[in-house]
Amino acid sequence: MAAARFFLALDLYAWRVRGGLACVALLLVAGGRVGAQMAPCSPPAELAGKPLGTAESYADLGNWYGHHQRYDCAVEVLREGLRGNAGSAPLLYLLGLNLYAGGQAEQARAPIEEVAQRLPTELAPHLLLATILEKLGQRTQAEAEWRAGYAIDPHSPAALDGLSRSLMEGGDPAAAIDLLTAVPHEQLVRNEDLALDLARAYGNARMLEQAAAVLTEALALAPGSVRLAGGLETILVLETHYQAAADLAESVARGRPGDLDAQRQYLQLLVLNHNLETARPLAAKLLAAAPHDFDFLYLSGILERDAGEYGAARDHLREAVQLRPGDASARYNLGAALLALKDLAGAREQLAKALELGAQAPEVRFAYANTLRTLGETEPARQQLLLYQQALKEQEARLLAASKSAQGAQEMGKVEAGTGGDAARAASLYREALAAAPHDAQLAYQLSLALEKAGDKKGEEAALAQAVANDPTFALAQHQLGAMLLERAAAGEAETHFRAAVKAAPAYASAWIGLAVALGAEGRLTEARQALGTGQRLDPRNPSAQQVEQALEQAAGVAPR
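On a predicted model such as this, the values are computed, not experimentally measured, just so you know.

What counts and how
Throughout this description, residue numbers start from 1 for each chain and increase along the sequence as written. Reporting of local features is limited, given that this is a predicted model, to residues whose pLDDT is at least 70; pairs of side-chain atoms are given and counted only at 80 or more, and all residues count toward the totals for whole chains, interfaces and linings. Where side-chain values are given, they derive from all heavy atoms of the structure, hydrogens and water being excluded. By convention, a stacked pair of Phe, Tyr or Trp rings (six-membered ring in the case of Trp) has centres within 6.5 Å and planes under 30 degrees apart, an edge-to-face pair has planes over 60 apart, and any other such pair is tilted. Runs of H or I in DSSP of at least four residues are treated as helices and runs of E of at least two as strands, each being numbered from the N terminus. Per-residue accessibility, obtained with a 1.4 Å probe over protein chains only, is compared with the maximum for each type, and a residue is labelled buried under 20%, exposed over 50%, and partly exposed between these values. Joining through side-chain atoms within 4.5 Å is the link that ties buried Ala, Val, Leu, Ile, Met, Phe, Trp, Tyr and Cys residues into a set, and such a set is a nonpolar core. By definition in these notes, contact holds between two residues if any of their heavy atoms fall within 4.5 Å. You can read pLDDT as the predictor saying how much it trusts each residue, on a scale of 0 to 100. Expected helix span is taken as 1.5 Å per residue step, with the number of steps being one fewer than the number of residues. Here a polar contact means two N or O atoms within 3.5 Å. Within protein one must be a hydrogen donor candidate and the other an acceptor candidate, and residues neighboring in sequence count only if both atoms are side-chain atoms. Think of each axis as a best-fit line through the C-alpha atoms, taken over the contacting stretch in the case of a helix, with angles from 0 to 180 degrees between the N-to-C directions. We call two directions roughly parallel when the angle between them is under 35 degrees, roughly antiparallel when it is over 145, roughly perpendicular when it lies between 65 and 115, and oblique otherwise. With the far helix as reference, a near helix turned anticlockwise by less than a right angle produces a left-handed crossing, and one turned clockwise produces a right-handed crossing. Residue polarity is assigned by list, with Asp, Glu, Lys and Arg as charged and Ala, Val, Leu, Ile, Met, Phe, Trp, Tyr, Cys and Pro as nonpolar; anything else, Gly included, falls into the polar class.

K.L.:
Could you clarify how one ought to interpret the packing of aromatic side chains in this entry?
P.N.:
Aromatic ring pairs are reported here in terms of the distance separating the ring centres and the angle at which the planes meet. The full count for this structure, using the stated rule, is 4 aromatic pairs. Relative to Tyr298, the ring of Phe294 has its centre 5.7 Å away and its plane inclined at 5 degrees; by these criteria the two rings are stacked. One end of the pair, Phe294, and the other, Tyr298, are both in helix H17 (residues 294–306), 4 residues apart, so they sit about a helical turn from each other. We note that Phe294, like Tyr298, is buried.

Written as structure tokens, this is what we have:
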């Protein structure tokens with residue numbers, strides 16, 4: 001009981017992890033006495049000279065050291081406390097937390113695992129253990145702990161945040177959307193982490209207008225948030241609304257002149273929009289403030305190369321590449337600067353590396369071809385020029401598809417908001433986009449959504465079929481196609497698509513429940529119950545599950561509950 005009370009609210013502090021996307025709450029124990037034997041770690045004057053002995057007294061001093069980021073001292077005190085209070089859950093928890101905060105994730109794991117096993121219904125140990133496992137790269141085990149935390153408290157923002165991120169990192173945005181859209185909407189948009197999670201899930205599923213809507217609403221409630229603004233700017237760029245993104249970044253930057261992240265976002269948008277006159281003095285100011293920041297080095301290098309200041313560009317881009325060797329764009333820009341400086345060997349190395357890292361922009365091929373030709377490598381240069389021409393055509397098609405898709409998304413936004421708009425026109429624009437990029441599964445899915453609004457069920461089903469043909473792992477499209485097939489009583493075909501959905505996204509609760517319906521319609525009740533059980537375990541609050549359960553009981557001749 002005493003250990004459980006440790007996790008009840010007395011005095012709260014938190015270590016923020018993963019860039020502020022998750023918080024682990026640590027609840028303090030009041031009181032305690034501290035002995036002079038801890039002098040090497042310099043306890044505070046108000047605690048010095050007080051005797052140690054109880055778990056609470058050791059926790060009190062360990063908390064003080066943790067608050068002041070003296071993690072080594074906290075660990076020393078807590079280990080001393082555990083020698084006289086073996087198995088104390090509060091001390092084990094504090095030990096693991098301070099080890100993790102001090103950069104010793106591997107050593108932190110064992111004490112937190114012990115606490116989580118001994119106190120299985122306490123939320124905090126599961127959240128901290130999940131965070132530690134993520135840090136150690138053990139995503140599957142971390143997801144199990146996020147799920148354990150979610151099962152304890154389905155309303156916990158930290159558990160929702162951690163589980164949704166884990167699902168997305170596992171390539172399952174559909175399950176993350178399922179999870180987060182079950183949260184009361186007002187609660188979600190008022191929580192910065194959860195709003196960003198849902199927007200990211202929508203973005204990963206290429207549902208950009210939905211992502212923009214979530215972030216716009218959240219930002220209206222927290223207009224000074226750099227993170228929300230950055231997320232919305234990213235969506236606007238993906239929708240090719242570059243000026244709108246730049247205007248938003250400028251408004252946030254003006255309101256936060258001392259915030260480097262806000263200024264960084266503004267500078268990135270200025271360079272993207274080729275607003276060089278405004279970008280150059282800002283880049284110089286930011287680089288002076290943070291001379292070894294990758295973004296400021298990289299963006300300064302781009303601006304200097306554009307201005308013909310190749311020596312300065314080379315120096316800044318070289319340092320940027322040293323900071324991030326795997327950044328293809330930094331490699332390309334360094335190579336281009338070296339080419340202008342007649343350093344052909346250096347240019348060849350950097351441009352080849354940029355292509356190896358996946359650079360797709362036609363100008364990279366063109367610069368590489370020029371370098372090879374100047375070096376006298378005629379045939380390789382010719383091959384690169386052919387690839388350049390191919391890349392140029394592909395880029396033109398992508399730009400056309402992006403433009404038409406953005407127009408379609410804008411039209412659909414009006415439809416969704418009830419401010420006019422024409423779903424049929426949106427569908428026509430998406431068709432044009434898809435004609436330019438016929439293998440883009442996301443465009444086919446967006447077309448299906450527009451056709452659904454337009455009431456064209458036949459066209460919607462055809463678009464979904466194209467989406468899953470282009471990408472059989474597209475769980476959202478597989479699920480929607482399965483649902484449409486169920487509507488016209490094609491249960492066998494529906495089952496195929498629901499199975500594809502749960503194979504691609506094993507945590508997609510709605511797809512499991514859809515599979516249960518399809519199996520039930522085929523009279524395979526045992527399998528249907530198994531599928532439904534999986535869906536219910538994944539999402540205990542799914543609104544469709546109880547109805548499906550009652551239907552299966554009736555089909556089996558069992559009186560409804």
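K.L.:
So what exactly am I meant to see when it comes to the nonpolar core here?
P.N.:
One recurring pattern in soluble globular proteins: nonpolar side chains tend to sit buried together. Residues Leu267, Tyr445 and Leu476 are the most contacted members of the largest nonpolar core, which totals 165 residues. No other element matches helix H4 (residues 89–101), which puts 9 residues into this core. If we skip the residues at most four places from it in the chain, Tyr445 touches Met207, Leu464, Ala467, Phe474, Leu476 and Ala477. Core analysis: the next-biggest nonpolar cluster, separate from the first, contains 12 residues, Ala336, Ala354, Val364 and Ala381 among them.

K.L.:
Which parts of the structure should I look at to understand the environment of Leu260?
P.N.:
Looking at where Leu260 falls in the secondary structure, it is placed in helix H15 (residues 260–272). A relative accessible area of 34% means that Leu260 is categorised as partly exposed. In the structure, Leu260 is positioned 160 residues away from Tyr100 in sequence and 27 Å away in space, judged by C-alpha atoms. Among all residues touching Leu260, those that are not within four sequence positions of it are Leu286, Ala289, Ala290 and Phe296.

K.L.:
Would you mind showing me how to read unusual backbone geometry here?
P.N.:
Outside of glycine, negative phi angles account for most residues, and trans bonds account for most peptide bonds. Positive phi is not limited to glycine here, since His274 has a value of about 60 degrees. Inspection of the secondary structure puts His274 in the loop between H15 and helix H16 (276–289). Phi at Lys342 takes a positive value of approximately 65 degrees, unusual for a residue other than glycine. Secondary-structure assignment places Lys342 in the loop between helix H19 (328–340) and helix H20 (344–356). Taking relative accessible area as the criterion, Lys342 reaches 67% and is therefore assigned exposed.

K.L.:
What exactly am I supposed to notice about the environment of Ala435 here?
P.N.:
Position of Ala435 relative to the elements: it lies in helix H23 (residues 423–436). With relative accessibility at 62%, the residue Ala435 sits in the exposed group. When the C-alpha positions of Ala435 and Gly311 are compared, they lie 44 Å apart, and in sequence the two are 124 residues distant.

K.L.:
Even after reading the chapter, I still don't get the confidence of the model for the chain, so can you show me in this structure?
P.N.:
Reading predicted coordinates in detail is not appropriate for stretches of low pLDDT. Taken as a whole, the chain shows an average pLDDT of 87; of its residues, 91% reach a score of 70 or greater. Throughout residues 1–39 the model reports pLDDT below 50, and contacts reaching past four residues in sequence, or to other chains, amount to 108 contacts.

K.L.:
Before we go on, may I ask you to explain H23 in this structure?
P.N.:
For an α-helix the count is 3.6 residues per turn, leaving residues at separations of three or four pointing the same way. Taking 1.5 Å as the rise per residue, H23 with 14 residues should run 20 Å; its terminal C-alpha atoms sit 20 Å apart, in good agreement. Buried within H23 are the following residues: Ala423, Ala426, Ala427, Leu429, Tyr430, Ala433, Leu434 and Ala436. Two to three positions downstream of the cap, the backbone nitrogen of Ala424 sits 2.9 Å from a side-chain oxygen, assigning the N-cap of H23 to Asp422.

K.L.:
Mind showing me how you'd approach the packing of H17 against helix H18 (residues 310–323) here?
P.N.:
In a packed pair of helices, the relevant descriptors are the angle between the two axes and the axis-to-axis distance. As a packed pair, H17 and H18 sit with axes 8 Å apart at the nearest point and diverge in direction by 150 degrees. In this view, H17 runs roughly antiparallel relative to H18, as classed from their interaxial angle. Crossing angle aside, the handedness with which H17 passes H18 is left-handed. Residues Phe294, Leu297, Tyr298, Ser300, Gly301, Glu304 and Arg305 of H17 touch H18, and the partners they reach there are Tyr310, Ala312, Ala313, His316, Leu317, Glu319, Ala320 and Leu323. Partitioned by chemical class, the residues of the contact of H17 with H18 number 9 nonpolar, 3 polar and 3 charged.

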